[in-house]
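Given next are the chains, with one letter for each unit.
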Amino acid sequence: FIMCPLAFIGIVLNLISLKVFNDKSFNAVTFKYIRLITLIDFFICVIIIPYCLTSYTQPFNKYDLYARYLYLAYVYIPGANFAINLSMLFNLLVTIERLISVGWPTQKYSLFKPSRYYISCIIVIAISFSMNIANFFLFKVESCKTSLNPRDFTKEEWWAVYGYVK
């Protein structure tokens, strides 16, 4: 029950961080990376909320269950994994940029130019997408002829999520 309020708090705090980091004084490459990390964390919080709200309630009918499974299989799992991977890689880029700034300050400006910032962002997004492309095909939502209750032997059609890769 605590994940949903934390996601709402995360949305508010990430919006505040985005507002703060959009100031002109935060125009260095490090702050650009931090802005992207904040935006990705905001996306993670937004994608968690529907999953939280639907996991604490019972489905109304089989179509509601189908919509929940579609969201779980094709939005929540691939989207959250992609965003978490992207956040980790951008944190790694900030760490490398800070290491070079402290260890080799004279070479920092030749290594981290604004044009290289955009190239590094594109490369990180491509790496993250290629690493998580299997998550978009990991699950399949199909109808099954059994009820959700294993003791119920009716032939009503329900929906189930089947994993391709285990």
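Being a predicted model, the structure only gives us computed values, none of them experimental. (Residues numbered from 1 in each chain as written. Predicted model: local features only at pLDDT ≥ 70, side-chain atom pairs only at ≥ 80, totals over all residues. Heavy atoms only, no water.)

**Digging into the layout of surface pockets**
Computed from the structure, the largest pocket encloses a volume of approximately 220 Å³. In terms of lining residues, the largest pocket is bounded by 12 residues, among which T54, S55, L65, R68 and Y69 are the most central. Those elements that place two or more of their residues in the lining of the largest pocket are helix 2 (29-55) and helix 3 (62-103). Among the elements that make up the lining of the largest pocket, the one with the highest residue count is helix 3 (five residues). When its residues are assigned to classes, the lining of the largest pocket shows seven nonpolar, four polar and one charged. (1 Å grid on protein atoms, 1.4 Å probe; cavity = no way out; pocket = protein on both sides within 12 Å on 5 of 7 lines; lining within 4 Å. Points joined across faces, edges and corners; volume = space filled by probe spheres on them. Helix = DSSP H or I, 4+ residues; strand = E, 2+ residues; numbered from the N terminus. Nonpolar A, V, L, I, M, F, W, Y, C, P; charged D, E, K, R; others polar.)

**Concerning the packing of aromatic side chains**
If you walk through the whole model with that rule in mind, you get eight aromatic pairs. Measuring from ring centre to ring centre gives 5.2 Å for Y33 and Y117, while their planes differ by 55°; the resulting arrangement is tilted. Of this pair, Y33 sits in helix 2 while Y117 is found in helix 5 (residues 114-132), placing the two residues 84 residues apart along the sequence. Through pairs of rings, three or more aromatic residues link up here, namely Y33, F90, Y117 and Y118. (Phe/Tyr/Trp six-rings, centres within 6.5 Å; stacked < 30°, edge-to-face > 60°.)

**A short note on a nonpolar patch on the surface**
On the surface, I2, L6, I9, V12, L13, I16 and V20 cluster together into a nonpolar patch covering about 660 Å² of accessible area. Here V20 shows up in helix 1 (residues 3-21). The exposure class of V20 is partly exposed, given its relative accessible area of 42%. (Patch = residues over 30% accessible without salt bridge, like charges linked within 9 Å, V, L, I, M, F, W, Y side chains within 5 Å. Areas by Shrake-Rupley, 256 points an atom, 1.4 Å probe, with all protein chains shown as cover. Salt bridge = Lys/Arg side-chain N within 4 Å of Asp/Glu carboxyl O. Buried < 20%, exposed > 50% of the residue type's maximum accessible area, 1.4 Å probe, protein only.)

**Considering the nonpolar core**
Among the nonpolar cores identified, the biggest contains 29 residues, and Y33, I40, I48, L86, F90 and V124 are the most heavily contacted of them. The set of elements that each furnish at least two residues to this core consists of helix 1, helix 2, helix 3 and helix 5. Beyond its immediate stretch of four places on either side in the chain, Y33 contacts F90, L93, V94, F112, Y117, S120 and C121. (Core = buried A, V, L, I, M, F, W, Y, C linked by side-chain atoms within 4.5 Å. Contact = heavy atoms within 4.5 Å.)

**What to know about the confidence of the model for the chain**
Per-residue confidence for the chain averages 80 on the pLDDT scale, and 85% of its residues sit at or above 70. When the elements of the chain are averaged for pLDDT, strand 2 (residues 158-163) gives the smallest value, 54, and helix 1 the largest, 92. The low-confidence segment residues 150-156 (pLDDT under 50) makes eight contacts with residues lying over four places distant or belonging to another chain. (pLDDT = per-residue confidence, 0-100.)

**Details of the environment of I37**
Inspection of the secondary structure assignment puts I37 in helix 2. For the pair I37 and V94, spaced 57 residues apart in sequence, the C-alpha to C-alpha distance is 9.6 Å. In this view, I37 contacts S87, F90, N91 and V94; residues no more than four positions away in its chain are not counted.

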